[in-house]
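Read off the chains here:
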Amino acid sequence: VSCPGGSFSPLPAAPECTACPAGAACPVGSIVPNPCPPGTAAVEGAAVCSPCSVGSYSGNAWPTCVTCPAGFACPNGIGPQMCLAGTYAPDGSTNCSTCSPAAWCPAAAAAPLICAAGYACATPPVACPNGTFSNPGDTKCTPCPMGQACAAPPLTPAVCTTGSFSSGNSTSCLSCPAGFACNNTICALGSCWTSCAAGQFALVG
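## Quick notes on the overall build of the protein chain
- For the protein chain, the helix and strand inventory stands at zero helices and 24 strands.
- A total of 205 residues make up the protein chain; the buried ones form 31% of that total.
- Within the protein chain, contacts between residues at least 6 apart in sequence are counted, and of these 21% link residues at least 24 apart.
- When the accessible surface of the protein chain is summed, it comes to about 10900 Å², and 63% of that surface belongs to carbon and sulfur atoms.

What follows is the structure in structure tokens.
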């Protein structure tokens, strides 16, 4: 008499059948347990190995499948496979997703990271040079406009005050020289001031 499914016996006559151990399958008439291959699992007394559910995985002869960890992908119940830089995956993923242009993803990222102000989005983000600026999520650094100053890349441009000017890509506004009057804050060096007329004067700025 053969052993029923979920049990086994090495003896032909099967005087005593033993429950199939966890992590293996024992179809009808088994004389030895059959280890479950990766991507499947079986509890004690199973006749067949069951495939892992989507987003979970198993190794060789595992009793249960486990959820794929964040930053990794588990296709077809196999894994985990680490996500490369520029991709990400929350837990329970079967594949790694591409990072959006406004974010960056280091290797094994669980979610996209928004690029901070003062950086151009890349993997990793690139710091903006002086005289430029960027807002969170920007993919490039923007030159500071004429008539404004960018004291530091993370800060938004500040408009030059009356009596000062900038010619663009500037970290600060320049004061109009003494004896001259600024008629425009948006100009190149030396082109936005006029000499004071006879009988008039102007201090710096």
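## Let's talk about the state of the cysteines
- In total, this model carries eleven disulfides according to the counting rule given.
- Shown here is the disulfide that connects C128 with C141, its sulfur atoms set 2.1 Å apart. On the sign convention where negative is left-handed, the bridge of C128 and C141, at about -90° about the S-S bond, is left-handed. Placement of C128 in the loop between β16 (126–127) and β17 (132–133) and of C141 in the loop between β17 and β18 (142–143) is noted, with a sequence separation of 13 residues between them.
- Residue pairing for C160: its cysteine sulfur links by disulfide to C173, the two sulfurs lying 2.1 Å apart. Residues C160 and C173 are joined through a disulfide that is left-handed, its torsion about the S-S bond being -85°. A residue pair is termed long-range when its members are at least 10 positions apart, and C160 in the loop between β20 (158–159) and β21 (164–165) and C173 in the loop between β21 and β22 (174–175) qualify at 13 residues.

## Describing the side chain of T132
- Structurally, T132 is set in strand β17.
- Take T132: its relative accessible area is 7%, and that puts it in the buried class.
- From its side chain, T132 meets the backbone oxygen of P129 in a polar contact 2.6 Å long.

## Notes on the packing of aromatic side chains
- Counted by the stated rule, this structure contains one aromatic pair.
- Consider the rings of Y57 and W62, whose centres lie 5.6 Å apart with planes at 50°: the pair is tilted.

## A closer look at the environment of T18
- By secondary structure assignment, the location of T18 is in strand β2 (residues 18–19).
- For T18, a relative accessible area of 40% puts it in the partly exposed group.
- The spacing of T18 and G45 is 27 residues in sequence and 8.7 Å in space, taken between C-alpha atoms.
- Among all residues touching T18, those that are not within four sequence positions of it are G6, S7 and F8.

## Topic: unusual backbone geometry
- At the junction of G79 and P80, the peptide bond is cis and its omega measures out at -5° in the coordinates.
- In this structure, the amide linkage connecting T123 to the following residue, P124, adopts the cis form with an omega of 0°.
- In this structure, A108 takes a positive phi of about 60° despite not being glycine.
- Along the chain, A108 turns up in the loop between β13 (103–104) and β14 (113–114).
- Its identity as a non-glycine residue notwithstanding, N169 has a phi of 55°, on the positive side.

Thresholds applied
Residues numbered from 1 in each chain as written. Predicted model: local features only at pLDDT ≥ 70, side-chain atom pairs only at ≥ 80, totals over all residues. Heavy atoms only, no water. Helix = DSSP H or I, 4+ residues; strand = E, 2+ residues; numbered from the N terminus. Buried < 20%, exposed > 50% of the residue type's maximum accessible area, 1.4 Å probe, protein only. Contact = heavy atoms within 4.5 Å. Areas by Shrake-Rupley, 256 points an atom, 1.4 Å probe, with all protein chains shown as cover. Disulfide = S-S within 2.5 Å. Polar contact = N/O pair within 3.5 Å; in protein donor to acceptor, adjacent residues only side chain to side chain. Phe/Tyr/Trp six-rings, centres within 6.5 Å; stacked < 30°, edge-to-face > 60°.

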